[in-house]
Amino acid sequence: MELTLSALLHMLLFPGGVFALGAGLLLKGVDRRVQARLQRRVGPPLLQPFLDLAKLAAKETLVPETANRTAFLAAPLIGLTGMAVAAALIPVPGAYSGMPEMGDMLVLFYLLPLPAIALMVGGSASSSPFGALGFSREMGLMLAYEIPLLAVLLAVAMKAGAAVGAGPALSLTVVVGHQMAAGQFGFSPAMLPALAAYLLFLPGTLGVPPFDVPEAESEIVEGPLLEYSGPALGFFHLASALKTMVVLGLGVDMFFPTPLPGGALVNVCWFLAKCLALMLVSLTVARAATGRFRPDQAFTFFLKYPAPLALASLALAWMGF
Amino acid sequence: MNRTTEKTYALPIGPVHVALEEPMYYKIELDGEIVRGVELTAGHVHRGMEALALRRNLFQNIVLTERVCSLCSNSHPYTYCMSVENLADIAVPPRAQCLRVVAEEIKRISSHLFNVGVMAHVIGYNSLFMHMMQQREIMQDVKETLYGNRMNLSANCIGGVTHDLEAEAFAFLLDGLARLEPEVARALDIYRTDRMVVARTRSVGVLSREDALALAVVGPVARGSGLATDIRRDAPYGAYVGLDVDVVVEQGGDVQSRALVRLREIQASIDLLRACVRAMPAGPTLAVLPEIPAGQAIARSEAPRGELIYYLRTDGSQTPNRLKWRVPSYMNWDALGIMLRNAKVSDIPLIVNSIDPCISCTER
């Protein structure tokens, strides 16, 4: 009972729920602002993502006549709840050690595709041809970027486990603990390819250019999101903010987890700062410097670069480097 | 082209679509992500302008034709005025002819920068889009400073021009061109070599030289397919008679070639503007107008999108008996059928944008 209560609190307040939502939306605000500055624009206020949500909350949710009403309205919630659970599994080094008894990296691997699946369900339930196109694109892209993700997770687990002398350490708590003792993976030569692969995986999973093919605004007008409006659309935005936080936090935990000496508050800020740095490198700057791949080009890209990089790290970790 | 079969499904693009600057309805037959057929439905911006022209006198029609479309808003009144001048044998003073070329080339630069900028937007390269629009702003400033307007210049009138530009204005123009020139050279380098741009635009929407000839496409679409046609050189009019127009040709026939043609034409236009300012004759800017007789006449010009033709028939009264224009986009529409054949969904807006369609002109 106690475990369930604390697990619930972790999902709803910290580090999931309210905290992850606030941090994720704020990070998105920073991203938009920096992006604008890189393009010599003024950009929106930092709190624009919050304002957008407030606006959506006040609007009406329209359901297309030909849509499957239940699936259409349930889809955004699938992604949101999935990400709220996932956020609770991400340790904040120095402030929160995670919930190893609730789930490890494999559980995360299964939770992470939920927003994409929600997008596919919503898109196909909306009965719009753009939704159908977005569905097939998301599906193809997901298959492509899940391969490097799995290889990165396994490489990290293998490396952390090898030091303990056991099999792969799938618990993020163990992974973080090991790095605090033996040095961060982000500075280990054997893990650099995995880090690079993870940086390339981030824009893919978050649907950020050059990999925004499922929602490509100027091609298929937001694809699955086209028919969504009001709070239902807001839930998709919420899920996306949570997911941003989850994947960035996962990246920090896997490669740069070392906390600062000091209290929990200092380390929460330090964690957010590292998430921000990760986001600026892999999302903001990359987005400003590229266009959008064609779906087939994005697919080939993931098989060509991130997958071999992650597998290289996995092989090196296997051999004990 | 095709009917829906069991394998294909219909995707509506437009009439309102993010990547389309103007309304046009494309019903696309798709097989997965591959285009199997395209059906066009037009008419969303038909304003009955040819009928309106018959209810206005010859002078009022300058204002009307200027409003056919915003991007070619100088080519229309320019060509219309030429048709009246051809009909009544009006000799436009040399200074006015030179000033008309200045207005026309400034508009051409803006129009081309807009199109290549939008191309970057369509492939999701928003930084490049913003950059191109910022460079276009140089020309917008020039237009506003020289003519007082950012889009409709109101530069032309029958027998000459409305604005005589002074030395100060020319200095401002030359300064703007000096700032624009290195940026265009840089943009040309980006559009030619940037890996993202190349990956999305090379060998996409190919129109072969033969097809281009058969469909009689005009303007940058023809020149991008290796056809060296340009009314400014082939049938010179006004001050173009004395100017050396560099006809830019690219051989690829794809989306990239058409963008490169436009960027290189900007460079050619910069040279033309400088030549015009250097050789600007002195004298009046308006001819003394005779009575406009009954008769008919044609005028042709090279608008940013290609050959523009005006036909005018008068009956001796103040209003035209018939005013008809054939716009370049009309000739280029059909080429879309060939360019879009077996294209991918992602490339549809890109290919449509590459012919720089002017729907307001076509439907008027």
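Please refer to the structure higher up on the page.
Structure report, in brief. Quantities reported herein were computed from a predicted structural model and do not represent experimental measurements.

**Regarding the overall build of chain A**
The number of helices and strands found in chain A is 14 helices and zero strands. Each helix (α) and strand (β) of chain A, taken in turn from the N terminus, gives the series α-α-α-α-α-α-α-α-α-α-α-α-α-α. Its C-alpha radius of gyration of 19 Å places chain A within 12% of the 20 Å reference for a compact globule of 321 residues. Taking the principal axes of its C-alpha atoms as reference, chain A extends roughly 60 × 45 × 40 Å. Counting the 321 residues in chain A, one finds 55% classified as buried. Summarising the internal contacts of chain A: among those between residues at least 6 apart in sequence, 79% fall at separations of at least 24. With an accessible surface of roughly 12,900 Å², chain A has 72% of that area assigned to carbon and sulfur atoms. Counting 17 positive and 17 negative side-chain charges, chain A places the centres of these two groups 10 Å from one another.

**Details of the sheet that holds strand β1 (residues 9-13) of chain B**
Residues and elements named next belong to chain B. Overall, antiparallel pairing links the three strands, which are arranged β1-β2-β3 in an open sheet. One side of each edge strand has no neighbouring strand; the edge strands of this open sheet are β1 and β3 (34-41). Neighbour-to-neighbour, the strand axes of this sheet turn through a mean angle of 25°, independent of strand direction.

**Focus: the nonpolar core**
Grouped together as the largest cluster of nonpolar side chains are 203 residues, with contacts concentrated most on Y198 and M254 of chain A together with Y26 and Y191 of chain B. If we skip the residues at most four places from it in the chain, Y198 of chain A touches L149, V152, V247, L250, G251, M254 and F255 of chain A. Counting residues in each nonpolar core, the second largest holds twelve residues, with A67, A75, L225 and F236 of chain A among its members.

**Describing helix α2 (residues 17-38) of chain A**
With 22 residues, α2 of chain A should cover 32 Å at 1.5 Å per step; its first-to-last C-alpha distance of 31 Å lies within 8% of that length. Within the span of α2 of chain A, buried status applies to G17, F19, A20, A23, G24, L25, L27, G29, V30, D31, Q35 and A36 of chain A.

**Focus: the sheet that holds strand β6 (residues 295-303) of chain B**
All names here are of chain B. Here we have three strands laid out as an open sheet, ordered β6-β7-β8, and antiparallel in their pairing. In this open sheet, the two edge strands, each paired with only one partner strand, are β6 and β8 (320-326). Ignoring which end each strand starts from, the neighbouring axes of this sheet average 15° apart. By the bridge criterion, six bridges tie strand β7 (residues 306-314) to β8 in an arrangement that is antiparallel. Residue Y310 lies in a different strand from β8, and its bridge partner there is W325. This element, helix α3 (residues 75-88), spans β6, β7 and β8 of the sheet and lies at about 145° to β6.

**Description of the pairing of β6 of chain B**
Residue and element names in this part refer to chain B. Note: β6 against β7, nine bridges, orientation antiparallel. Paired with G295 across the strands is T314, a residue of β7. As consecutive antiparallel partners, β6 and β7 are separated by two residues.

**Quick word on the environment of L188 of chain B**
Residues and elements named next belong to chain B. Along the chain, L188 falls in helix α6 (residues 167-193). A relative accessible area of 7% means that L188 is categorised as buried. Here the alpha-carbon distance between L188 and C358, two residues 170 residues apart in the chain, equals 24 Å.

**What to know about the interface of chain A and chain B**
Of the residues lining the interface, 25 residues belong to chain A; the matching set on chain B comes to 30 residues. Summing the contributions of chain A and of chain B, the shared interface buries around 2,200 Å²; its carbon and sulfur component is 55%. The interface formed by chain A and chain B contains zero salt bridges. Between the two partners, chain A and chain B, sit six residue pairs in polar contact (both at pLDDT 80 or more). Among the elements of the structure, α7 (129-164), α10 (217-220) and α13 (295-304) of chain A are those that each provide at least two residues to the side of chain A that touches chain B. Take the side of chain A that touches chain B: its biggest share by element is five residues, from α7 of chain A. Classifying every residue of the side of chain A that touches chain B gives eleven nonpolar, six polar and eight charged.

**Quick notes on the packing of helix α3 (residues 48-57) of chain A against helix α11 (residues 230-255) of chain A**
All names here are of chain A. In contact at an axis separation of 7 Å, α3 and α11 are set at 150° when each is read in the N-to-C sense. If you check the angle between α3 and α11, you find them roughly antiparallel. Facing α3, whose interface residues are L53, L56 and A57, α11 presents G230, P231, L233, G234, H237 and L238. A per-class count over the contact of α3 with α11 returns six nonpolar, three polar and no charged.

**A look at the pairing of strand β2 (residues 25-31) of chain B**
Residue and element names in this part refer to chain B. Of all seven residues making up β2, five are buried, and the element is well covered by its neighbours. Here seven bridges tie β2 to β3, and the two strands are oriented antiparallel to one another. Within the sheet, the bridge partner assigned to L30 lies in β3 and is V35. Between β2 and β3, which pair antiparallel one after the other, the connecting turn spans two residues, and G32 there sits at a positive phi close to 70°.

**What about the packing of α11 of chain A against helix α12 (residues 264-288) of chain A?**
Residues and elements named next belong to chain A. Orientation of α11 relative to α12, taken along the N-to-C sense of each, is 105°, at an axis distance of 9 Å. By the angle between their directions, the pair α11 and α12 is classed as roughly perpendicular. Taken together, the residues of α12 that come into contact with α11 (itself represented by M245, L248, G249, G251, V252 and D253) are F271, L272, K274, C275, L278 and M279. The residue inventory of the contact of α11 with α12, partitioned by class, reads eight nonpolar, two polar and two charged.

**Let's talk about the pattern of salt bridges**
Residues and elements named next belong to chain B. Within this structure, the stated rule accounts for 25 salt bridges over all chains. D175 is the partner of R179 in a salt bridge, and the nearest nitrogen-oxygen pair spans 3.8 Å. Of the two residues, R179 and D175 both sit in helix α6, four residues apart, roughly one turn of that helix. Taking the shortest distance from any N to any O, the salt bridge between R223 and D230 comes out at 3.7 Å. Residues joined by salt bridges that share partners form a network here, namely E105, R108, R223, D230, R232, E265 and E302.

Cut-off values and rules
Here the residue index of a chain counts from 1 through its sequence in written order. The order in which chains are written sets their letters, starting at A; the order in which ligands are written sets their numbers, starting at 1. Thresholds applied to this predicted model are a pLDDT of at least 70 for local features of residues and 80 or more for the giving and counting of side-chain atom pairs; totals over whole chains, interfaces and linings are not thresholded and use all residues. Values reported for side chains reflect all heavy atoms of the structure, with hydrogen atoms and water molecules removed beforehand. In this text, helices come from DSSP runs of H or I with a minimum length of four residues, and strands from runs of E with a minimum of two, each type numbered from the N-terminal end. C-alpha atoms define the radius of gyration in this analysis, and the globule rule sets the expected value at 2.2 Å times the number of residues to the power 0.38. Exposure categories follow from relative accessible area, calculated using a 1.4 Å probe and restricted to protein chains: below 20% of the type maximum is buried, above 50% is exposed, and the middle band is partly exposed. Should any heavy atoms of two residues lie within 4.5 Å, those residues are counted as being in contact. Accessible surface area values rest on a Shrake-Rupley calculation with a 1.4 Å probe, where residue burial reflects the displayed protein chains alone. For the purpose of charge, His is not counted, nor are the chain termini; Lys and Arg are scored as positive and Asp and Glu as negative. Charge positions are represented by NZ for Lys, CZ for Arg, CG for Asp and CD for Glu. In short, DSSP must find at least two bridges between two strands for them to pair. Angles run from 0 to 180 degrees between N-to-C directions of axes, and those axes are lines fitted to C-alpha atoms, restricted for helices to the stretch in contact. Residue types Ala, Val, Leu, Ile, Met, Phe, Trp, Tyr and Cys, when buried and joined through side-chain atoms within 4.5 Å, form a set referred to as a nonpolar core. Here, expected helix span is obtained from the residue count minus one, scaled by 1.5 Å. Buried area, as used here, totals the accessible surface that two parts lose on assembly, with accessibility defined by a 1.4 Å probe and the loss added over both. For this analysis, a salt bridge means a side-chain nitrogen from Lys or Arg found within 4 Å of a carboxyl oxygen belonging to Asp or Glu. Any pair of nitrogen or oxygen atoms within 3.5 Å is treated as a polar contact; in protein, a donor-acceptor pairing is required on top of that, and neighbouring residues in sequence qualify only through side-chain atoms on both sides. In the scheme used here, Gly and all other residues not listed as nonpolar or charged are polar, with Ala, Val, Leu, Ile, Met, Phe, Trp, Tyr, Cys and Pro taken as nonpolar and Asp, Glu, Lys and Arg as charged. Angle categories are assigned with fixed cut-offs, so that under 35 degrees is roughly parallel, over 145 is roughly antiparallel, 65 to 115 is roughly perpendicular, and the rest are oblique.

Functional significance is not addressed by these values, which are geometric in nature.
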